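Reading the structure
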Amino acid sequence: MMGKNQCQSCGMPLKDDETLGTNKDGTLSNEYCKNCFKDGEFTQDITMEQMSELCLKRMKEIGMPGPIAKLMLKKGLPKLKRWKQN
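We now turn to the structure provided with this report. (Residues numbered from 1 in each chain as written. Predicted model: local features only at pLDDT ≥ 70, side-chain atom pairs only at ≥ 80, totals over all residues. Heavy atoms only, no water.)

Positioned with a positive phi, Asp 39 is a non-glycine residue whose angle comes to about 55°. Mapped onto the secondary structure, Asp 39 falls in the loop between β3 (37–38) and β4 (41–42). (Helix = DSSP H or I, 4+ residues; strand = E, 2+ residues; numbered from the N terminus.)

Shown next, in the form of structure tokens:
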């Protein structure tokens, strides 16, 4: 399940400093991964639906069954900070 120790854009686990993105001042972001966030900005101008498609492809590549990945993304992405509706 997606939570605090995961990228608040794509849901990737933030396991260590190597996976963290960077803020404008060069410090490590504790909210976003390096694939989604660099120098204080998102690396892609993308919709939640496009992010879901991208994540689904990556999840399948690492061996997760498609239906399980789709369900996780459908339930998890809308709860992440980048996509949460206020």
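Each aromatic ring pair is specified by the distance between its two centres and by the angle formed by the two planes. Taken as a whole and assessed by the stated rule, the structure comprises 3 aromatic pairs. Aromatic side chains Tyr 32 and Phe 42 sit 5.1 Å apart centroid to centroid with 85° between the ring planes, which places their arrangement in the edge-to-face category. Here Phe 42 lies in strand β4 and Tyr 32 lies in strand β2 (residues 28–33), a separation of 10 residues in the sequence. The exposure class of Tyr 32 is buried, given its relative accessible area of 7%. Judged by relative accessible area, which is 33%, Phe 42 ranks as partly exposed. Ring-pair connections join several aromatic residues into one group, and the members of that group are Tyr 32, Phe 37 and Phe 42. Over the face of the ring belonging to Phe 42 we find Arg 82, whose NZ or CZ atom lies 3.8 Å from the ring centre. (Phe/Tyr/Trp six-rings, centres within 6.5 Å; stacked < 30°, edge-to-face > 60°. Buried < 20%, exposed > 50% of the residue type's maximum accessible area, 1.4 Å probe, protein only. Lys NZ or Arg CZ within 6 Å of the ring centre and 35° of its normal.)

This part takes up the state of the cysteines. Under the definition given, this model contains 0 disulfides. With no disulfide of its own, Cys 33 lies 3.7 Å from the sulfur of Cys 36, the closest cysteine sulfur. Classification of Cys 33 as buried rests on a relative accessible area of 0%. (Disulfide = S-S within 2.5 Å.)

As judged from the 2 bridges shared by strand β1 (residues 20–22) and β2, these two strands associate in the antiparallel manner. Note that in β2 the partner of Leu 20 across the bridge is Cys 33. Between the antiparallel neighbours β1 and β2 lie 5 residues, among them Gly 26 with a positive phi of about 90°. (Pairing = 2+ DSSP bridges.)

Grouped together as the largest cluster of nonpolar side chains are 18 residues, with contacts concentrated most on Cys 7, Cys 10 and Met 51. Those elements that provide at least two residues to this core are β2, α1 (48–61) and α2 (66–76). Here the element with the most residues in this core is α1; it accounts for 4 residues. (Core = buried A, V, L, I, M, F, W, Y, C linked by side-chain atoms within 4.5 Å.)

Quick look at α1 now. The end-to-end C-alpha distance of α1 is 20 Å, a good match for the 20 Å that 14 residues give at a rise of 1.5 Å each. Inspection of α1 places Met 51, Cys 55, Leu 56 and Met 59 among the buried residues, and these make up the whole buried set. One side of α1 holds all its buried residues, which, seen down the axis, span an arc of 140°. In α1, those exposed residues whose orientation departs by more than 90 degrees from the buried face are Glu 49, Glu 53, Lys 57 and Glu 61. Among the structural elements, α2 are those in contact with the buried residues of α1. In the stretch just after α1, Gly 63 is the one whose phi turns positive, near 100°. (Expected span 1.5 Å × (residues − 1). Arc of directions from axis to C-beta. Contact = heavy atoms within 4.5 Å.)

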